[in-house]
Amino acid sequence: MATTRIISMHINKGKSLAQCLTDRTDYAKNPDKTDSGELVASFMCDADLVDSQFLLSKQIYLQKTGRTQANDVIAYQVRQSFKPGEITPELANEIGYQLAEKITKGNHAYIVATHIDKSHIHNHIIWNSTNLDCNKKFRDFFRSGRAVAKINDLLCLQNGLSIVENPKGKSKDYGSWMEDNRPLTFSDKIRMAIDEVLAEKPKSFDDFLSKMKSKGFEMKAGKHLAFKGAGQKKFIRLRSLGEAYGEDSLREVIEGKKEHKPQKRVRQYNDKRINLVIDLQSQINQKKGAGYERWAKTFNLKQMAKTMNYLTENNLLNYEDLKAKADGITSEFSVLSDSIKSAEKHMAENALLQKNIVNFAKTKAIYADYKKSGYSPKFKEQNISEILLHQAAKNHFKEVGLSKLPKVADLKAEYNTLFAEKKKEYAKYNALKKEMQEILNAKANVEQLLEIDQNQQQTQKKKDEQSL
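Residues numbered from 1 in each chain as written. Predicted model: local features only at pLDDT ≥ 70, side-chain atom pairs only at ≥ 80, totals over all residues. Heavy atoms only, no water.

Enquirer: So what's going on with the overall build of the protein? Residues and values would help.
Expert: Helix and strand content of the protein: 14 helices and eight strands. Scored against the burial criterion, the 468 residues of the protein give a buried share of 37%. Once local pairs closer than 6 in sequence are excluded, the contacts in the protein between residues at least 24 apart make up 70%. About 28,400 Å² of surface is accessible on the protein, with carbon and sulfur atoms providing 50% of the total. (Helix = DSSP H or I, 4+ residues; strand = E, 2+ residues; numbered from the N terminus. Buried < 20%, exposed > 50% of the residue type's maximum accessible area, 1.4 Å probe, protein only. Contact = heavy atoms within 4.5 Å. Areas by Shrake-Rupley, 256 points an atom, 1.4 Å probe, with all protein chains shown as cover.)

Below is the structure:
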């Protein structure tokens, strides 16, 4: 699963165009985040010189067009974040490159930098707002973020990754999207109790401690102040709750020296669908830490339990049956996707033909007068719009090989039929997409389990051979 966010980059106040391009691209290419630069790909530019090459194209654009804007967009960026454990850095970079290719359609230079310094792998895709010919700018459009998200979803499905179902509102990064409604942790409960006590305006720190005690919390004083609530086995130190909940910070709030800013609770997404299990060995090799490893093991157990339930409910406990079912659904989805694309193409052609027939009819009389005038330049100048529309319509009819024009009413009826068929297929498409995603994830989880089992058998075989 990957979430996307499109960002327009402008010149920062107090900085030059060159400085802004350098700052943005240098952050994306940071060798500490991109495996010493191994995870940076580029199109029609040198990744090491991308800032200067973007700058040069803008200078050429200015010379060619003479156009300037007060608040010009110097580049665009898409942040593409992947679910932890679901993808390798190399595949993430490849998918990011494919996404950039589809967004820019080969008309703009870009770089794709894959960052692996966080628990979730993510891409920074930056493309030049000026095109390769240096005569046009990239046109952002209304709801472009939704369009990018749809392309991203398709690429994820093609690569066996999960997607965000039914996204609502403004697009979010992965961390924001993960917020849902898991049970409160003990740390959450202590923070909430502290927030409530501070809202009561305690007169002193001792008063604060007294109020916390009245809420059912035990206190342990020592080098670090700690609290323990009902059901807790161990005390939790204030300093581990975040900067806003440290003892010094709380004292300053109580004394009126600073304002308390409650920490937003990050909650885990309650996902009932099957997700891909995490490659633990790969994560351990990346030194993610013991805490992450514990979480990942629990996560994997839950996903394998979901996988087994799915296989049992659908009578797919035999791997060959599972593979055949997955291949069949993938093939059916591909055929349906091609059918929808074909319908959309015919609808676009139909709509364009309707438009040209209407324009042809509206301008027919003007063009006839233009012919009678002996194609007078003066007449053309006075009626330039109508004449150009008429000529464009005739050229279109010639391009599509029409000798006799169809009736607009017939074209509208055909368009409505295509639209109805497409609408019906889309309902099936969405249902099939969800089913395909689930079975592909289940298949991938089973394959990983089989691979682990096979590796363990090989290891045991080697041990047995060495002991003989």
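Structure's up, so let's keep going.
Enquirer: Residue-level account of a positive patch on the surface, with values.
Expert: A cluster of basic side chains, namely Lys 220, Lys 223, Arg 237 and Arg 239, defines a positive patch on the protein surface. Owing to a relative accessible area of 79%, Lys 223 belongs among the exposed residues under this scheme. (Patch = residues over 30% accessible without salt bridge, like charges linked within 9 Å, V, L, I, M, F, W, Y side chains within 5 Å. Salt bridge = Lys/Arg side-chain N within 4 Å of Asp/Glu carboxyl O. Lys, Arg positive; Asp, Glu negative; His and termini not counted. Charge placed at Lys NZ, Arg CZ, Asp CG, Glu CD.)

Enquirer: Break down helix H8 (residues 247-254) for me, with residues and values.
Expert: For the α-helix, the turn length of 3.6 residues means that residues three or four positions removed from each other point alike. Residues of H8 that are buried: Ser 249, Leu 250, Val 253 and Ile 254. End-on view of H8: buried residues confined to an arc of 135 degrees, all on one side of the axis. Residues of H8 that are buried sit in contact with helix H6 (186-199) and helix H7 (205-214). Of the residues one or two after H8, Gly 256 is the one with positive phi, at around 80 degrees. (Arc of directions from axis to C-beta.)

Enquirer: Describe in detail helix H3 (residues 89-104), supporting the description with residues and values.
Expert: Helix length check: H3, at 16 residues, gives a terminal C-alpha distance of 22 Å against a target of 22 Å (1.5 Å per residue), a fit within 8%. Taken together, the buried positions of H3 are occupied by Pro 89, Ala 92, Asn 93, Ile 95, Gly 96, Leu 99, Ala 100, Ile 103 and Thr 104. Axial view of H3: buried residues confined to an arc of 165 degrees, hence all on one face. (Expected span 1.5 Å × (residues − 1).)

Enquirer: So what about the packing of H3 against helix H4 (residues 144-158)? Which residues, and what values?
Expert: As a packed pair, H3 and H4 sit with axes 10 Å apart at the nearest point and diverge in direction by 140 degrees. With respect to their mutual orientation, H3 and H4 come out oblique. For the crossing formed where H3 meets H4, the hand is right-handed. Here Ile 95, Gln 98, Leu 99, Lys 102 and Ile 103 of H3 come into contact with H4, specifically with Val 148, Ile 151, Asn 152 and Leu 155. (Axes fitted to C-alpha atoms, helices over the stretch in contact; angles between N-to-C directions. Parallel < 35°, antiparallel > 145°, perpendicular 65-115°, else oblique. Left-handed = near helix turned anticlockwise from the far one by under 90°.)

Enquirer: So what about the confidence of the model for the protein? Which residues, and what values?
Expert: Counting all residues, the mean pLDDT for the protein is 82, and 85% of those residues have values of 70 or more. Low confidence marks residues 170-181, where pLDDT is under 50. Its contacts with residues over four positions away, or in another chain, come to 28 contacts. Note on residues 266-270: pLDDT under 50 across the span, and 16 contacts to partners over four residues away in sequence or across chains. (pLDDT = per-residue confidence, 0-100.)

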